[in-house]
Amino acid sequence: MSEKILVIGANGQIGTELVIALRNIHGSNQVIASDIHNPNQDNNTGPFELVNVMDKDNLRHLFEKYRPTQVYLLAAILSAVGEKQPKLAWDLNMVGLIQVLDFAVEFKTAKVFWPSSIAVFGPHSPKENTPQFCIMDPNTVYGFSKLAGERWCEYYYLKYGVDVRSIRYPGLIGWKSAPGGGTTDYAVNIFHEALKKGNYESFLSAGTALPMMYMDDAIRATLSLMNAPAYKLSIRSSYNLGGISFTPAQLAEEIKKHLPDFKISYSENDPRQAIADSWPKSIDDTYAQQDWDWKPEYDLAAMTADMLTNLKNTI
Ligand code: AKB
């Protein structure tokens, strides 16, 4: 069967790269990119629709027009921006998801993808190798909207049979797209500043370890999960996904191997530090390994080399 794939939030950090990957696999016309903003350069290569996920009629129109077989709902407000606009973050992250799940039931959408995050964990979750199932007490609006969203995903799967699949993404690092207002954004910004200015002021402290992943791995993981046979998937809330774990100081050391004059400094009292301190340092992704053979390809050295090589040509 030929797929019709709707990507909502296509201009964002994940959406930009996912649309490219999906169009390479399925052909440009089979992938409808949509966003609240006009298409970016990468999304201009096929059908595009303006959409506001909070607007039910607007969303219904897209489902009626395209009858998508797969929907990727990526529109969200991330951790740092969410703390500045908590009510809006809650509304957008929840209303968007529930509307899409309802339309998936009504229009019999074969598969839905929705991203969760390491932000579902909180101060009392284990910090090292955080397991799939443990205490979860997120204290950001983004984090508890993602945790509630995971519950809704599992609920729609169990009650209505929606084949919804999800990943708890770590911080994502890529050169094709900009990060969107999260706590892990430093790990992308540092590369841009290293190449442009030779120095970077990190808003997280030198020793703040966080789970991270190179975008190539994240896209591969997303497509693997979406292609996995349904009977193999034991998690219908959201899968833990492990990649690399490093601190700003370790990333700076790695960058220095390519740019020996690079200097890093650290700001104090940034509100994102408290968010980072409440999150895991590394993730146990045994379920993803067992259920759909997940294995990351990029370590810190490979990711840093690839980022610098590719970014050099765009700056
Ligand atoms: C953020 O920092 O908010 C995101 C995330 C880890 O979900 N990158």
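Attention in this report is confined to the structure presented alongside it.

Thresholds, definitions, all that
- Residues numbered from 1 in each chain as written.
- Predicted model: local features only at pLDDT ≥ 70, side-chain atom pairs only at ≥ 80, totals over all residues.
- Heavy atoms only, no water.
- Helix = DSSP H or I, 4+ residues; strand = E, 2+ residues; numbered from the N terminus.
- Buried < 20%, exposed > 50% of the residue type's maximum accessible area, 1.4 Å probe, protein only.
- Core = buried A, V, L, I, M, F, W, Y, C linked by side-chain atoms within 4.5 Å.
- Domains from an automatic or database assignment.
- Contact = heavy atoms within 4.5 Å.
- Near = heavy atom within 4 Å.
- Polar contact = N/O pair within 3.5 Å; in protein donor to acceptor, adjacent residues only side chain to side chain.
- Areas by Shrake-Rupley, 256 points an atom, 1.4 Å probe, with all protein chains shown as cover.

## As for unusual backbone geometry
Alright, step 1. Its identity as a non-glycine residue notwithstanding, Asn129 has a phi of 45°, on the positive side.
Alright, step 2. For Asn129, the location among the structural elements is in the loop between strand E5 (111-117) and helix H5 (141-160).
Alright, step 3. A positive phi angle is found at Asp293, which is not glycine, with a value near 60°.
Alright, step 4. Mapped onto the elements of the fold, Asp293 is located in the loop between helix H10 (286-292) and helix H11 (300-312).
Alright, step 5. Residue Asp293 is classed as exposed on the basis of its relative accessible area, which comes to 62%.

## Some thoughts on the nonpolar core
Nonpolar side chains in soluble globular proteins tend to end up buried together.
Alright, step 1. Residues Ile173, Tyr186, Phe191, Phe246, Leu251 and Met303 are the most contacted members of the largest nonpolar core, which totals 34 residues.
Alright, step 2. With six residues, the single largest contributor to this core is helix H6 (residues 186-196).
Alright, step 3. Residue-level mapping places this core at the junction of two domains, with at least three residues from each of domain 1 (5-171 + 218-240) and domain 2 (173-212 + 243-312).
Alright, step 4. If sequence neighbours within four positions are ignored, Tyr186 has contacts with Tyr200, Ser202, Phe203, Leu204, Met212, Phe246, Thr247, Pro248 and Leu251.
Alright, step 5. If you look at the next biggest cluster of nonpolar residues, it comprises 33 residues, including Ile14, Phe113, Ala221 and Trp294.

## Examining the site of the ligand
Alright, step 1. With respect to spatial proximity, the complete set of residues near the ligand consists of Leu78, Ser79, Ser117, Ile118, Tyr142, Gly182, Thr183, Thr184 and Trp279.
Alright, step 2. At 2.5 Å from an oxygen atom of the ligand is found a side-chain nitrogen or oxygen belonging to Ser79.
Alright, step 3. In the model, an oxygen atom of the ligand is placed 2.7 Å from a nitrogen or oxygen of the Ser117 side chain.
Alright, step 4. With the chains in place, 94% of the 260 Å² that the ligand exposes on its own is no longer accessible.

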